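# Structure at a glance
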Amino acid sequence: MKQIDKLRGLMNERGIFAYIVPTDDFHGSEYVGAHFKLREYLSGFTGSAGTLVVTLDEAALWTDGRYFIQAERELSGSGIALMKMGEPQTLTIERFLLEKMPEKSALGFDGRVVSAAFAMRLEKVLKPKSVALKTDEDLGGAIRENRPPLSKKPVFELSESVCGMSRCEKLARIHEKMRAENAGCLAVSALDEIAWTLNLRGGDVDYNPVFLSFMLVFADRAELFAEREIFSDETARALENDGVEIRPYNEIYSALKSQSGAVWADLKAVNYRMKCSLADAKIISKQSPIVMMKAVKNDAEIDAEISAHIKDGVAVTRFMYWLKNAIEREKITEISAAEKLEEFRKMGEGYLGQSFEPITAYGEHGAIVHYSATAETDAKLEPRGLLLSDTGGHYFEGTTDITRTFVLGELSDEEKRAFTLALAAHLELLGAVFPKGVRGSTLDGIARQGLWRHGLDFNHGTGHGVGFLLNVHEGPQRISWRTANDAPLEAGMITSDEPGLYFEGKFGIRHESLLLCQEAEWLHGGFLCFTPLTCVPFDVEGIDKELLTDAQLTYFNEYQSRVCETLSPHLPIEEAKWLFELTKPL
C-alpha cells in the first residue's frame, strides 16, 4: 500500500525500525474523531478497534473477535497480516516486537495517542534488546493528505434536573476522594469523565456527545483545557463562577510539568506524554474516582433514562410494524431501513442523534458482528430470513442501545433454533439474581451456559456499561469471562445484555436490551437483580417455544406484557392493536 510505503520512508529517515499506530485520540477514547483516524487511513481497516504495527519489512494489525470477519475482508491483498486478539496462537504486540526488533533499534509512536501503561509495558518487554522509544513524532499524520483538523463543536449544558447533581456538588465529591488519597491534583483525560463532571456535552466525536478537553482538579479549583471558542459566554461565566478556569487545550502538558506534589493520574487512562510531563510529581496511579461516580446512576439519571427508553421504544416498535408490513410491497435495503428507523427516532421529543453507527445487517451480513452497510454492500431485503438491527439514540434524557433480530419471512430450522437459543441466553441473564460483590465475569457464564451445552458460543462480551447521555460503551463493569479486573455490579449501573450467534456466510442473530441493576428487595438485602430499561418487543415468529424452559417463558411473557402496557398509549390505534397481538403470552 502506498500509505505504508510512505510511512516506511519516514521511518527510514528517522532511524525507526517499527512504528505503532493505534486507534486512539489523545484521551484514550473508544471512538475517535476524523482527525485521529490514522490507523484506518494507513491500513484500510474501518473497524473501531485495532492497532497497526509497521516494521521496515512487515505490517500487522491486531483486533478483537467483533471484527475478525470484517478485518479479513478489508485487509485482503494489503500485505497487512491480521492478528486475532485472544486466539491462543496470536502473539501480543509486545511479544511480536520482541521477536522482530533488532538489538538497539528504535520503536516509534506518537506518545499522545498511546496510553502510559502500554508504553511502560513496551519499555519493560523490550529492555533486554535495548530498544529505544521515539515518541515525539506523529509520522502517520505527517503523511496524511488533507488531514481533517481537530474538531471544535459547540458545548451545551444539561439541566441539573436530569443530572441529579450540580457540577459544584460533583467537584466536592471528587475533592473528598482526593483528600483520602492525599492527592493535591487529579489529572483527567477521559472525555466522558470531564463531560459528566461539568454537566456539559459536546459534539467532537461522532456518536459520543463529548468535547476535546483535559481537566486538572485541585482542592480549591479546577482547570479545563479546551478551546475557548466552543463555549458560549454564558457557559464560560457559569464555569468561572463554579471555580473552573478555561485554559487553551494544548497547555495541558506545560501545566503538568509544573506539578511537583502528589498527582492522581491513572496510567492506564492518561497518555504517555502526560505521564512523561509529570516527571517532577509523585504519581498516584489509581482508577479515577469519576469512573464509579459516573457508572452508578443517581435517581434523577435513572428516571430520565426510563423516559428516554420509552421514547426509543416507541420509535423502534413503530419501525418493526412498518418493516413487517412493507417488506412484501416496497424495495427496502439495509441502508434505507436504517434511515427509516432514524426517521422514527427523530419524531421523538428531545432526540439528539444516534449513539453509534447503526448496524443493519441482512442475511449473511448479520454474521459480521460490527457490520456497516456501504453503497457497495447495501443488500436488498427480501421477505425471508433475518435482519439484525443494532442501533441506539441519544436523547436529552439519556442514551439507548438496542438490538432486535427481525424475521422477514420464512426461516430455516437452523435459523429458528439459533434465534431461540440466543434468546434463551438473553433471558437467563435478564432473570439473574446474585449477591452483592459479584462481577460481570461471573455473570457471563449464566448467559452462555445454555449455548455451551449445544457446543455454541459467541466471540464478544455479553454486556457493557452505558453512560448517561454519554458513551454507549462505559466501564468499569462488563459482562465477559475474558475481562480481567472488571468491577462488581452495583445498584444503579446500566448494562447491556446481548448474546448472539453468528454463522459466517449464512446469518447472524443478536438480542440486546439495556438492564438496570437494582436491589432484589424481596430477598431483604444483600442481593441484586436486573430490570429492563429497553422497551421493544421481541419477534415471536423466530421462536421455537420447545427450546425455552418454563422460567425463560415466564421472563419472556412478563417482558412482552410490560412492553405492550408501556408503549400502547403512545402508538397509533392500528399499531397498538398489532402490538397487543404480538405480545400475547406464548
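Below, the structure is looked at part by part. These numbers were taken from a predicted model, which means no experiment stands behind them.

## Here's the deal with helix α14 (residues 299-326)
For α14, built from 28 residues, the straight-helix expectation of 40 Å at 1.5 Å per residue is met to within 8% by its first-to-last C-alpha distance of 40 Å. The opening residue of α14 is Asn298, an N-cap whose side-chain oxygen sits 3.1 Å from the backbone nitrogen of Ala300.

## So, the nonpolar core
Leu97, Leu107, Phe211, Leu216, Leu224 and Phe231 are the most contacted members of the largest nonpolar core, which totals 79 residues. Excluding anything up to four places from it in sequence, Leu97 contacts Ala18, Ile20, Val53, Leu107, Leu122 and Leu126. Counting 78 residues, the second largest nonpolar core, distinct from the first, contains Met320, Ala424, Leu430 and Trp578.

## Description of the environment of Arg173
Its location among the elements puts Arg173 in helix α8 (residues 167-180). By relative accessible area, which is 34% here, Arg173 ends up partly exposed. In the structure, Arg173 is positioned 116 residues away from Pro289 in sequence and 9.0 Å away in space, judged by C-alpha atoms. Look past the residues within four positions of Arg173 in its chain and what remains in contact with it is Met165 and Met293.

## Some points on the packing of aromatic side chains
The geometry of an aromatic ring pair comes down to the distance between the two centres and the angle between the two planes. Counted according to the given criterion, the structure contains 16 aromatic pairs. Ring geometry for Tyr321 against Trp578: centres 5.3 Å apart, planes inclined by 70 degrees, an arrangement best described as edge-to-face. In this pair, Tyr321 is assigned in helix α14 and Trp578 in helix α19 (residues 573-582), connecting sequence segments 257 residues apart. One aromatic cluster in this structure is built from Phe214, Tyr249 and Tyr253. Sitting over the face of the ring of Phe218, Arg221 holds its NZ or CZ atom 4.1 Å from the ring centroid. The ring of Tyr253 has Arg273 lying over it, and the distance from NZ or CZ to the ring centre is 5.7 Å.

## Some thoughts on empty space enclosed by the protein
The final tally for this structure, using the stated rule, is 3 cavities of 30 Å³ or more. The space that makes up the largest cavity amounts to roughly 120 Å³. Taken together, the elements giving at least two residues each to the lining of the largest cavity come down to β1 (18-21) and α2 (38-43). Broken down by class, the residue content of the lining of the largest cavity amounts to 9 nonpolar, 1 polar and 5 charged. Lining the second largest cavity we find Ala187, Val188, Ser189, Ala190, Glu193, Asp266, Ala269, Val270 and Ser288.

## What about the environment of Val291?
Residue placement: Val291 occurs in helix α13 (residues 289-295). Overall, Val291 belongs to the buried group, its relative accessible area being 12%. For the pair formed by Val291 and Glu193, sequence separation is 98 residues and the distance between their alpha carbons is 6.9 Å. Once residues lying within four places of it in the same chain are set aside, the contact partners of Val291 are Glu193, Gly475 and Pro476.

## Comments concerning the pairing of strand β12 (residues 244-247)
As paired elements, strand β11 (residues 222-225) and β12 share 4 bridges and run parallel to each other. The residue of β12 that forms the bridge with Leu224 is Ile246. Crossover handedness for the path β11 to helix α10 (residues 233-241) to β12: right-handed.

## Some remarks on the pattern of salt bridges
Counted by the stated rule, this structure contains 38 salt bridges. A salt bridge links Lys294 to Glu474; its shortest N-O distance comes to 3.2 Å. Remark: Glu474 occurs in strand β23 (residues 474-479) and Lys294 occurs in helix α13; sequence separation between them is 180 residues. Note on accessibility: Lys294 and Glu474 belong to one class, buried. Of the charged contacts in the structure, one is a salt bridge between Lys324 and Glu541, with a shortest N-O distance of 2.7 Å. In this pair, Lys324 is assigned in helix α14 and Glu541 in the loop between β28 (527-532) and α18 (550-567), connecting sequence segments 217 residues apart. A relative accessible area of 46% places Glu541 in the partly exposed class. Each of Asp220, Arg221, Glu223, Arg247 and Glu251 takes part in a single network of salt bridges with overlapping partners.

## A short note on the packing of α14 against α19
It is the contact of α14 with α19, at a shortest axis distance of 11 Å, that shows an interaxial angle of 90 degrees. The pairing of α14 with α19 is recorded here as roughly perpendicular in orientation. Listed contacts from α19 to Thr317, Arg318, Met320 and Tyr321 of α14 are Glu574, Glu575, Trp578, Leu579 and Leu582. Class assignment of the residues belonging to the contact of α14 with α19 gives a composition of 5 nonpolar, 1 polar and 3 charged.

## Let's talk about the sheet that holds strand β20 (residues 402-407)
Read from one edge of the open sheet, 3 strands run β16-β17-β20, paired in antiparallel fashion. Looking at strand neighbours, the two that pair on one side only are β16 (359-362) and β20, the edges of this open sheet. Averaged over all pairs of adjacent strands, the angle between their axes in this sheet comes to 10 degrees, without regard to strand direction. In terms of strand pairing, β16 meets strand β17 (residues 386-391) through 4 bridges, oriented antiparallel.

## Section: the side chain of Glu498
Mapped onto the elements of the fold, Glu498 is located in the loop between β24 (494-497) and β25 (500-503). We classify Glu498 as buried; its relative accessible area is 9%. Within the local environment of Glu498, its side chain forms a polar contact with the side chain of His464, the two groups lying 3.0 Å apart. Not counting the four nearest positions on each side in its chain, Glu498 is found in contact with His460, Gly461, Thr462, His464, Arg510, His511 and Glu512.

## Some words on the state of the cysteines
One pass over the structure, following the stated rule, counts 0 disulfides. Here Cys535 stays free of any disulfide, with the sulfur of Cys564 as its closest cysteine sulfur at 9.7 Å. Since its relative accessible area comes to 11%, Cys564 is described here as buried.

The rules behind these values
Residues numbered from 1 in each chain as written. Predicted model: local features only at pLDDT ≥ 70, side-chain atom pairs only at ≥ 80, totals over all residues. Heavy atoms only, no water. Helix = DSSP H or I, 4+ residues; strand = E, 2+ residues; numbered from the N terminus. Expected span 1.5 Å × (residues − 1). Polar contact = N/O pair within 3.5 Å; in protein donor to acceptor, adjacent residues only side chain to side chain. Core = buried A, V, L, I, M, F, W, Y, C linked by side-chain atoms within 4.5 Å. Buried < 20%, exposed > 50% of the residue type's maximum accessible area, 1.4 Å probe, protein only. Contact = heavy atoms within 4.5 Å. Phe/Tyr/Trp six-rings, centres within 6.5 Å; stacked < 30°, edge-to-face > 60°. Lys NZ or Arg CZ within 6 Å of the ring centre and 35° of its normal. 1 Å grid on protein atoms, 1.4 Å probe; cavity = no way out; pocket = protein on both sides within 12 Å on 5 of 7 lines; lining within 4 Å. Points joined across faces, edges and corners; volume = space filled by probe spheres on them. Nonpolar A, V, L, I, M, F, W, Y, C, P; charged D, E, K, R; others polar. Pairing = 2+ DSSP bridges. Right-handed = clockwise from strand over helix to strand, strands pointing away. Salt bridge = Lys/Arg side-chain N within 4 Å of Asp/Glu carboxyl O. Axes fitted to C-alpha atoms, helices over the stretch in contact; angles between N-to-C directions. Parallel < 35°, antiparallel > 145°, perpendicular 65-115°, else oblique. Disulfide = S-S within 2.5 Å.

Honestly, it's all geometry; don't read function into it.
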